[in-house]
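# Structural description and commentary
Read off the chains here:
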Amino acid sequence: MPGLASLVLADARFPGGGHVHSGGLEEAVSRDLVSDVPSLEGFLLGRLRTAGLVAAAFAAASVPVSAYCPSSSTSHSRPSLSCDDADAIRARFTELDAELEARTPSAAQREASRAQGRGTLRAVRAAWPSPVLDDLVAVHPRPHHPLLVGAVCGVAGEPPGEAARCVAYLAISGPASAAVRLLGLDPFAVNAVLVRLGPALEAVVAEAVSAADGPPSDLPAPSAPVLDLMAQAHVDQHRGRLRLFAS
């Protein structure tokens with residue numbers, strides 16, 4: 001069963017700034033690659049199986065790093081190391097951060113991930129205070145969003161699968177919401193697309209959790225060159241122009 005942390009983090013009303021990111025959909029719409037519900041469904045499925053899988057795997061891998069250092073707002077704990085072992089925690093987060101950077105070739109996508117992480121950080125510190133969040137920020141003051149989600153789920157006592165499901169869902173729900181604003185699509189039809197993608201999402205979650213048991217260097221690394229190129233074009237070619245979304 002999912003805990004409250006993963007549900008709150010996946011909520012579109014969570015004050016983390018996710019509403020300003022379209023996950024590449026704005027650029028896809030501007031190039032007429034997405035124009036209706038069927039093309040949106042194809043875009044979301046492709047994003048889920050690539051960028052979504054990478055994010056889900058790294059979120060799942062971040063959970064055990066912080067699971068032994070629970071938040072003061074929850075009684076859940078799965079002790080394995082001391083919360084005072086900051087060097088070990090930071091070393092693991094450093095490794096995960098570097099591996100996630102390597103799997104994100106687009107500078108624009110790296111910036112979007114860190115911007116979302118930074119935007120989420122203030123809210124999660126208020127809700128789930130824990131020294132492990134300080135350890136994550138010590139690695140980088142703007143943590144990648146999947147690593148932060150995994151850390152929060154860990155301190156909240158949730159299993160890796162819930163962190164993976166949270167970020168995998170966000171990988172498609174954000175662009176789906178953006179499609180309603182950008183294309184004026186029927187929100188009921190768009191919501192039905194998300195439901196139809198449920199089995200694919202669960203397959204991604206299962207793969208992410210399985211991979212998270214291994215070393216960070218072995219985490220999934222599916223590529224999505226078109227998404228990478230469009231993310232960069234969204235920044236480079238539309239600089240100074242009116243955009244609805246930051247990415």
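Up top is the structure these notes are about.
Here's a quick rundown of the structure. Going along each chain's sequence as written, the residues are numbered from 1 onward. Side-chain atom pairs in this predicted model are given and counted only at pLDDT of 80 or more, local residue features only at pLDDT of at least 70, and totals for whole chains, interfaces and linings cover all residues. Where side-chain values are given, they derive from all heavy atoms of the structure, hydrogens and water being excluded.

## A few points about the packing of helix α5 (residues 107-127) against helix α7 (residues 145-155)
To define axes, lines are fitted to C-alpha atoms, for helices over the stretch in contact only, and angles between the resulting N-to-C directions are given on a 0 to 180 degree scale. A run of DSSP states H or I qualifies as a helix once it reaches four residues; a run of E qualifies as a strand once it reaches two. Both are numbered from the N-terminal end. Across the interface, α5 lies against α7 with an axial gap of 7 Å and an inter-helix angle of 30°. Taken together, the axes of α5 and α7 lie roughly parallel to each other. Here S113, Q116, G117, T120, L121 and V124 of α5 come into contact with α7, specifically with H145, P146, L148 and V152. Throughout this entry, Asp, Glu, Lys and Arg are counted as charged residues, while Ala, Val, Leu, Ile, Met, Phe, Trp, Tyr, Cys and Pro are counted as nonpolar. The remaining residues, Gly among them, count as polar. Of the residues belonging to the contact of α5 with α7, the class tally is five nonpolar, five polar and no charged. Our angle categories are set so that under 35 degrees counts as roughly parallel, over 145 as roughly antiparallel, 65 to 115 as roughly perpendicular, and the remainder as oblique. Pairs of residues are marked as contacts when any of their non-hydrogen atoms sit within 4.5 Å.

## Some thoughts on helix α8 (residues 160-183)
When the terminal C-alpha atoms of α8 are compared, their 35 Å separation across 24 residues agrees well with the 34 Å that a helix rising 1.5 Å per residue should span. Of the residues one or two after α8, G184 is the one with positive phi, at around 65°. Take the number of residues in a helix, subtract one, and multiply by 1.5 Å to get its expected span.

## Focus: unusual backbone geometry
Phi is positive for D32, which is not a glycine, with a value near 60°. The topology assignment puts D32 in the loop between α2 (25-30) and α3 (37-66). Classification of residues uses two cut-offs on accessible area relative to the type maximum, computed with a 1.4 Å probe and protein chains only: under 20% is buried, over 50% is exposed, and between them is partly exposed. The exposure class assigned to D32 is exposed, which follows from its relative accessible area of 64%.

## A look at the nonpolar core
Grouped together as the largest cluster of nonpolar side chains are 68 residues, with contacts concentrated most on L44 and V124. Apart from the residues lying within four places of it in its own chain, the contact partners of V124 are L9, F14, P129, L133, L148 and V152. In plain words, nonpolar cores are sets of buried Ala, Val, Leu, Ile, Met, Phe, Trp, Tyr and Cys residues tied together by side-chain atoms within 4.5 Å.

## Topic: the pattern of salt bridges
We count a salt bridge whenever a side-chain nitrogen from Lys or Arg sits within 4 Å of a carboxyl oxygen from Asp or Glu. Under the criterion given, the structure shown has 13 salt bridges. Taking the shortest distance from any N to any O, the salt bridge between E95 and R92 comes out at 3.8 Å. Residue E95 and its partner R92 are both found in helix α4 (residues 86-102); the two are separated by three residues, about one turn of the helix. Judged by its relative accessible area of 29%, R92 is partly exposed.

## Considering the packing of helix α6 (residues 131-139) against α7
Axis separation between α6 and α7 bottoms out at 10 Å; the angle between their running directions is 160°. The pairing of α6 with α7 is recorded here as roughly antiparallel in orientation. Crossing angle aside, the handedness with which α6 passes α7 is right-handed. Residues V132, L133 and L136 of α6 lie in contact with α7, whose contacting residues are L147, L148, A151, V152 and V155. For the contact of α6 with α7, a count of residues per class yields eight nonpolar, no polar and no charged. In a left-handed crossing the near helix is turned counterclockwise from the far helix by less than a right angle, and in a right-handed crossing that turn is clockwise.

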